[in-house]
Amino acid sequence: MTSTPVLCDYLAGEQRPLAQVIAEESCLPADDSDSTALARFALEAPRIARDQPDSTAALNAAFDLLEHGRQNTALA
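Numbers given to residues run from 1 along each chain, matching the order in which its sequence is written. Selection of residues for local features in this predicted model requires a pLDDT of at least 70, selection of side-chain atom pairs for listing and counting requires 80 or more, and totals for whole chains, interfaces and linings are taken over all residues. Side-chain metrics in this entry use all non-hydrogen atoms of the structure; hydrogen atoms and water are not considered.

A. Representation of the overall build of the chain within the structure. What the chain contains, in helices and strands, is three helices and zero strands. Secondary structure elements follow DSSP: runs of H or I of four or more residues count as helices, runs of E of two or more count as strands, with numbering from the N terminus. Each helix (α) and strand (β) of the chain, taken in turn from the N terminus, gives the series α-α-α. Counting every position in the chain, which comprises 76 residues, the buried fraction comes to 16%. For the area figures, the Shrake-Rupley method with a 1.4 Å probe applies, and any residue is considered shielded solely by the protein chains shown. Put simply, the chain shows about 5,900 Å² of open surface, and 55% of that area lies on carbon and sulfur atoms. Think of it in three bands: with a 1.4 Å probe and only protein chains considered, a residue is buried below 20% of the maximum accessible area for its type, exposed above 50%, and partly exposed in between.

Right under this line is the structure:
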């Protein structure tokens with residue numbers, strides 16, 4: 001998808017309004033870069049999860065990561 005300009009433009013078109021809503025709800029300027037990153041994450045997560053054996057669990061895990069951050073799970 002990212003190699004197709006038309007689809008990239010579509011994603012960007014969906015991302016802007018979502019980022020603006022996130023910024024507005026957070027009392028931040030409409031062009032806040034963190035809000036843009038959150039919007040991009042929200043739009044990309046389903047595509048990434050779709051390739052997993054349990055897409056629902058993968059999507060939930062992605063948003064858990066966003067909400068709680070990455071836990072330190074160093075391997076021994």
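Resuming the write-up.
B. View of the packing of helix H2 (residues 33–50) against helix H3 (residues 55–68). As a packed pair, H2 and H3 sit with axes 8 Å apart at the nearest point and diverge in direction by 155 degrees. In terms of orientation, H2 lies roughly antiparallel with respect to H3. When the axes of H2 and H3 are compared, the crossing they make is right-handed. Two secondary-structure elements touch here, H2 through Leu 38, Phe 41, Ala 42, Ala 45, Pro 46, Ala 49 and Arg 50 and H3 through Ser 55, Ala 58, Leu 59, Ala 62, Phe 63 and Leu 66. Under this scheme, a helix contributes an axis fitted over its contacting stretch, all axes are lines through C-alpha atoms, and angles between N-to-C directions fall in the 0 to 180 degree range. For classification, angles of less than 35 degrees are called roughly parallel, those exceeding 145 degrees roughly antiparallel, those between 65 and 115 degrees roughly perpendicular, and all remaining angles oblique. For a crossing to be left-handed, the near helix must be turned anticlockwise from the far one by less than a right angle; the clockwise case is right-handed. Between two residues, a contact is recorded if the distance between any of their heavy atoms is within 4.5 Å.

C. Here's a closer look at a nonpolar patch on the surface. Within this analysis, patches are made of residues with over 30% relative accessible area and no salt bridge. Like charges are joined at 9 Å or less; nonpolar side chains (Val, Leu, Ile, Met, Phe, Trp, Tyr) at 5 Å or less. We define a salt bridge as a side-chain nitrogen of Lys or Arg found within 4 Å of a carboxyl oxygen belonging to Asp or Glu. On the surface, a nonpolar cluster with roughly 220 Å² of combined accessible area is contributed by Leu 38, Phe 63 and Leu 66. Mapped onto the secondary structure, Leu 66 falls in helix H3. When its relative accessible area of 38% is taken as the criterion, Leu 66 is described as partly exposed.

D. Layout of the pattern of salt bridges. Under the defined criterion, the tally for this structure stands at two salt bridges. Put simply, Glu 44 and Arg 47 hold a salt bridge, and the shortest N to O gap is 2.8 Å. Of this pair, Glu 44 and Arg 47 both sit in helix H2, separated by three residues, roughly a single helical turn. Relative accessible area serves as the criterion here: at 31%, Arg 47 is assigned to the partly exposed category. In the salt-bridge network here, residues are joined through shared partners; they are Arg 40, Glu 44 and Arg 47.

E. Fine view of the environment of Phe 41. In this structure, Phe 41 sits in helix H2. The class of Phe 41 is partly exposed, set by a relative accessible area of 26%. Through-space distance from the C-alpha of Phe 41 to that of Ala 62 is 9.0 Å; in sequence the pair is 21 residues apart. Apart from residues lying up to four places away in sequence, Phe 41 is in contact with Ala 62, Phe 63 and Leu 66.

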